[in-house]
Amino acid sequence: TTEAELLARRLRAMGFAAAAYHGKLDATQREIVQEQFMDDQITTVVCTKAFGMGIDKPDIRFVVHYDLPGTLEAYYQEVGRAGRDGQPARCLLFFRPEDRGIQAFFLGGNYPTQRRLEEIWDITRALALRKQSPTVTLRDLATAVSLDVSRLKALIDPLVQMGYLSLSGQAVTVARAECSAQDLALDLSAYERRREYDQSKLRMMETYAQTTGCRREFVLSYFGEQY
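Residues numbered from 1 in each chain as written. Predicted model: local features only at pLDDT ≥ 70, side-chain atom pairs only at ≥ 80, totals over all residues. Heavy atoms only, no water.

**Re the pattern of salt bridges**
Cut-off, in case you're wondering: When a carboxyl oxygen of Asp or Glu lies within 4 Å of a side-chain nitrogen of Lys or Arg, that pair is called a salt bridge. Elements are defined by DSSP. Helices are runs of H or I of four residues or more, strands are runs of E of two residues or more, and each kind is numbered from the N terminus. Residue exposure (1.4 Å probe, protein chains only): buried if accessible area is under 20% of the type maximum, exposed if over 50%, otherwise partly exposed.
Tallied over the full model, the rule gives ten salt bridges. Across the pair R116 and E119 runs a salt bridge whose closest N-O atoms are separated by 3.2 Å. Here E119 and R116 lie together in helix 5 (residues 114–131), a separation of three residues that amounts to about one turn. Of the residues examined, R116 reaches a relative accessible area of 24% and is grouped as partly exposed. Through salt bridges that share partners, D40, K57 and D59 make up one connected network.

This is the structure:
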């Protein structure tokens, strides 16, 4: 059960017509929730960012952030769904310093490290050897390394770019089986720069949440506009 589902359940117990929407729901379930919300059959959606940017309901009166967004860009886009009919609307951001850890955790899993890639390399070679084939499926490998498929694809990108693995559809092929983990020569500088950039974005979001000044001025300044 996801956090979104637990929160939706609590809201329903309090009398709200609420439903959860997140990426682990199948496409049919997500479509049903979206249609019910657009048709006012439910009044509240507890959602992750999987609730797409195409949501354009003019009379949304509240956007409440239960968790800290990862960037001000994401926050600005999400609160922009409120009050599109020109009537008053309220946006609330619940925050405590500990909440930064949630986003930091998600960010941490997005960047390959030498040690993590060595672990994945060893597991991939062992899986291929067990199957007596240089090719394994992404799903089997994801299960073996305890990651979801999308995160695994992002993490193994350096191994693919540098020719240790090849990726075709859902098939992962060991291209240089003779290499041990200690032999991997990986240039991860670009990923480190991306990590620092994303961390700076998160720090700016945290600063926004904690500021005691005018938040409208803060956002406009961030985007290079005058108050």
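**Examining helix 9 (residues 189–210)**
Rule in force here: A helix's residues, less one, multiplied by 1.5 Å, set its expected span.
The end-to-end C-alpha distance of helix 9 is 32 Å, a good match for the 32 Å that 22 residues give at a rise of 1.5 Å each. Along helix 9, the residues that are buried comprise Y191, Q199, K201, L202, M205, E206, Y208 and A209.

**Description of unusual backbone geometry**
Positioned with a positive phi, D40 is a non-glycine residue whose angle comes to about 65 degrees. Inspection of the secondary structure puts D40 in the loop between helix 2 (27–38) and strand 2 (44–47). Positive phi values are uncommon outside glycine, yet Q132 reaches one of about 55 degrees. Among the secondary structure elements, Q132 is positioned in the loop between helix 5 and strand 5 (135–137).

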